[in-house]
Amino acid sequence: MSEKSSFLVFSGTNTRYLAEKICSSLGCPLGNLLITKFSDGEFAVSYEESIRGRDIFLVQSTFPNSDNLMELLLMIDAAKRASARTINAVIPYFGWARQDRKDKPRVSIGAKLVADLLSVAGVDRVITMDLHADQIQGFFNVPVDHLYASGVILPYLQSLQLENLVIASPDVGGSKRANAYAKYLGCPLVLCNKTRARANVVASMQIIGDVKDKNVVIIDDMVDTAGTITKAADIMKEAGAKTVRACASHCVMSGPASDRVQESALEEIVFTDSIPYTKRCAKVKQISVADMFAETIMRVVNNESISDQYIV
């Protein structure tokens, strides 16, 4: 990066693949950051170039394991102690977001705790995408630029030119997101009503709406074990759907998820690259959000509005 440039982009270990794409879109090199690991699992962070007086953008999704979050916290702390002008955390996938409320007695609110940790570490701004719940933005006392994966998913869906299209939500909680897609595409909305036996286990599911002879696209914010989305796809296929696809922002895909998707009635499942996906599944497709984040970084640097980046 030229000495005249006011900003620098750095990355944690496991989100480097995306940071490199963002830097390519920005036309700048990725900053030089050293993460030293010790034999007991502890690690230390150091910047190998001066960041004094610069606007620093730290690209790191906080997906499991917790080392990714700890790396980000250390990167923020090191930047603060190295006299960076502003410290901006670029978190394409904000982990622990499902713990956003007390839904039963004596539980933690992990999303609020992570927000507090980032704030105490010294972050000045957070740039993230498709939080599990919009109100998590209110957990921060610093500006939060909340982007939406619809910016890359909707153009992809339009490119498929599907006739008799129906947008579906895999649960009632995701109906607002799915409804935004349906309104934009001018097509009907179908809901799935599910009950859970316990976390990650769906007990039963019913379809609310007509899917017969329709091309169905299920919209969600993340897919973890893929139990809900594959069950929804199978039920819709049994109800007469012509094809069933799924689109989700974050590719968590843990445990048996890949096998479930491969064996399900889904034609394909489309994610962004907010989380790396290394397992092999022919039905999984990833679309990059690097250009969207690069554009947001430039607008933040230039004090420009980011609102016209939102399609829905």
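Not measured: the values here are computed from a predicted model.

Colleague: Could you give an account of the overall build of the protein chain, naming the residues involved and the relevant values?
Modeller: A count of helices and strands for the protein chain gives eight helices and 14 strands. The C-alpha radius of gyration of the protein chain comes to 20 Å, within 12% of the 20 Å expected for a compact globule of 312 residues. Taking the principal axes of its C-alpha atoms as reference, the protein chain extends roughly 60 × 45 × 35 Å. In the protein chain, buried positions account for 52% of the 312 residues. Of the contacts made within the protein chain by residues no fewer than 6 positions apart, 63% connect residues no fewer than 24 positions apart. Averaging the locations of the 34 positively and 35 negatively charged side chains of the protein chain gives two centres separated by 4 Å.

Colleague: Which residues make up the sheet that holds strand β5 (residues 86-91), and what are the values?
Modeller: Through backbone hydrogen bonds, the strands of a sheet pair up, either in parallel or in antiparallel fashion. The strand order across the open sheet built from five strands is β1-β4-β5-β6-β7, with neighbouring strands paired in parallel fashion. Looking at which strands have only one partner, the edges of the open sheet turn out to be β1 (7-11) and β7 (144-147). Between one strand axis and the next, the sheet turns by 15 degrees as a mean value, whatever way the strands run. One ladder, built from four bridges, connects strand β6 (residues 125-129) with β7; its direction is parallel. Residue V126 lies in a different strand from β7, and its bridge partner there is V144. Helix-sheet contacts for helix α1 (residues 16-26) involve β1 and β4 (55-59), and the interaxial angle to β1 is about 155 degrees. Here helix α8 (residues 290-301) sits on the sheet and contacts β1, β4, β5, β6 and β7; the angle it forms with β6, its principal contact strand, is near 155 degrees.

Colleague: Help me get a handle on the environment of G122, residues and values and all.
Modeller: Tracing the sequence through the fold places G122 in the loop between α3 (110-121) and β6. As a C-alpha pair, G122 and H146 span 24 residues in sequence and 19 Å in three-dimensional space. Each residue touching G122, except ones within four places of it in the same chain, is listed here: I76, K80 and I87.

Colleague: I'd like to hear about the layout of surface pockets, residue by residue, with values.
Modeller: Sizing a probe to match a water molecule and rolling it over the atoms shows the empty space that remains. Approximately 340 Å³ is the volume found for the second largest pocket. Among the residues forming the lining of the second largest pocket, the class breakdown is twelve nonpolar, four polar and three charged.

Colleague: Residues and numbers for the nonpolar core, please.
Modeller: In terms of nonpolar packing, the biggest core is built from 41 residues, with V9, I22, F57 and F293 touching the most fellow members. Take this core: its biggest share by element is seven residues, from α8. Once residues lying within four places of it in the same chain are set aside, the contact partners of F293 are I22, V90, P92, I127, T128, M129 and L147. Counting 35 residues, the second largest nonpolar core, distinct from the first, contains F10, V123, F139 and V142.

So, how was this worked out
- Residues numbered from 1 in each chain as written.
- Predicted model: local features only at pLDDT ≥ 70, side-chain atom pairs only at ≥ 80, totals over all residues.
- Heavy atoms only, no water.
- Helix = DSSP H or I, 4+ residues; strand = E, 2+ residues; numbered from the N terminus.
- Rg over C-alpha atoms; globule rule 2.2 N^0.38 Å.
- Buried < 20%, exposed > 50% of the residue type's maximum accessible area, 1.4 Å probe, protein only.
- Contact = heavy atoms within 4.5 Å.
- Lys, Arg positive; Asp, Glu negative; His and termini not counted.
- Charge placed at Lys NZ, Arg CZ, Asp CG, Glu CD.
- Pairing = 2+ DSSP bridges.
- Axes fitted to C-alpha atoms, helices over the stretch in contact; angles between N-to-C directions.
- 1 Å grid on protein atoms, 1.4 Å probe; cavity = no way out; pocket = protein on both sides within 12 Å on 5 of 7 lines; lining within 4 Å.
- Points joined across faces, edges and corners; volume = space filled by probe spheres on them.
- Nonpolar A, V, L, I, M, F, W, Y, C, P; charged D, E, K, R; others polar.
- Core = buried A, V, L, I, M, F, W, Y, C linked by side-chain atoms within 4.5 Å.

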